[in-house]
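Geometric and topological summary
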Amino acid sequence: GTMRGRLLSALLTGVNRAHPYLPRRDAAMEEHVDALYRIAHTSPPAACTQALMLLYNLAVGTPEVGAGSGSNTGKKTSSNQGGAAGADAEAGRRDRFYRALYSKLSDPSMLS
């Protein structure tokens with residue numbers, strides 16, 4: 001119980017620390033998104049928090065280092081093929097993340 005939760009939290013902390021050095025869209029990380037959501041919903045609060053932090057980086061994303069406001073807009077509009085499908089998929093990832101986040105925020109076990 002407790003040891004498993006601590007180990008899981010420590011592993012996810014390491015992955016969170018390494019994440020900024022990974023490619024922007026890493027296919028290997030995308031394969032494990034469902035497992036991260038399972039961890040976020042069923043694990044102790046410490047591991048849940050680490051899983052949600054990693055899911056935030058994967059679903060919502062973080063601004064690139066040294067990027068000014070609006071510098072990403074050229075990248076998104078330059079590729080028109082599959083633009084609507086990509087935008088829908090991105091919105092779906094964000095919605096799933098925020099649904100999980102708000103679910104855990106309303107969970108009384110997160111307050112202990």
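Shown above is the structure to which this text applies.
Remember, predicted model here, so these are calculated numbers, not experimental data. (Residues numbered from 1 in each chain as written. Predicted model: local features only at pLDDT ≥ 70, side-chain atom pairs only at ≥ 80, totals over all residues. Heavy atoms only, no water.)

**A short note on the pattern of salt bridges**
Cut-off, in case you're wondering: By definition, a salt bridge exists where a carboxyl oxygen of Asp or Glu is found within 4 Å of a side-chain nitrogen of Lys or Arg. Note on conventions: DSSP H or I runs of at least 4 residues are helices, E runs of at least 2 residues are strands, and numbering of each starts at the N terminus. Relative accessibility decides the category of a residue: with a 1.4 Å probe and only protein chains considered, values under 20% of the type maximum give buried, values over 50% give exposed, and everything between is partly exposed.
Per the counting criterion, the structure on display carries three salt bridges. A salt bridge links Arg94 to Glu90; its shortest N-O distance comes to 3.3 Å. Residue Arg94 and its partner Glu90 are located together in helix H6 (residues 83-105), separated by four residues, close to a single helical turn. We classify Arg94 as partly exposed; its relative accessible area is 31%. The shortest N-O distance in the salt bridge between Asp107 and Lys104 comes to 3.1 Å.

**Looking at the nonpolar core**
To be explicit about the condition: By nonpolar core we mean a set of buried residues, namely Ala, Val, Leu, Ile, Met, Phe, Trp, Tyr and Cys, connected to one another through side-chain atoms within 4.5 Å. What makes two residues a contact is simply this: any of their non-hydrogen atoms within 4.5 Å.
Leu12, Tyr37 and Leu55 are the most contacted members of the largest nonpolar core, which totals 18 residues. Breaking this core down by element, the ones donating at least two residues are helix H1 (2-18), helix H3 (33-42), helix H4 (45-59) and H6. Examining the composition of this core, we find that eight residues originate from one element, H4, more than from any other. Apart from residues no more than four positions distant in its own chain, Tyr37 is found in contact with Leu55, Ala59, Arg93, Arg96, Phe97 and Ala100.

**Quick look at the environment of Arg24**
Residue position: Arg24 is located in the loop between H1 and helix H2 (27-30). Overall, the relative accessible area of 52% leaves Arg24 in the exposed class. The spatial distance from the C-alpha of Arg24 to the C-alpha of Leu58 is 8.9 Å, given a sequence separation of 34 residues.

**Describing the packing of H1 against H4**
The criterion, for reference: Each axis is a line fitted through C-alpha atoms, and for a helix only the stretch in contact is used; angles between axes span 0 to 180 degrees, taken between their N-to-C directions. Orientation labels follow simple angle bins: below 35 degrees gives roughly parallel, above 145 gives roughly antiparallel, 65 to 115 gives roughly perpendicular, and whatever is left gives oblique. For a crossing to be left-handed, the near helix must be turned anticlockwise from the far one by less than a right angle; the clockwise case is right-handed.
As a packed pair, H1 and H4 sit with axes 8 Å apart at the nearest point and diverge in direction by 25°. As judged from the angle between their axes, H1 and H4 are roughly parallel. Judged by the twist between their axes, the crossing of H1 over H4 is left-handed. Across from Gly5, Leu8, Ser9, Leu12, Thr13, Val15 and Asn16 in H1, the residues of H4 making contact are Ala46, Ala47, Gln50, Ala51, Met53, Leu54 and Asn57.

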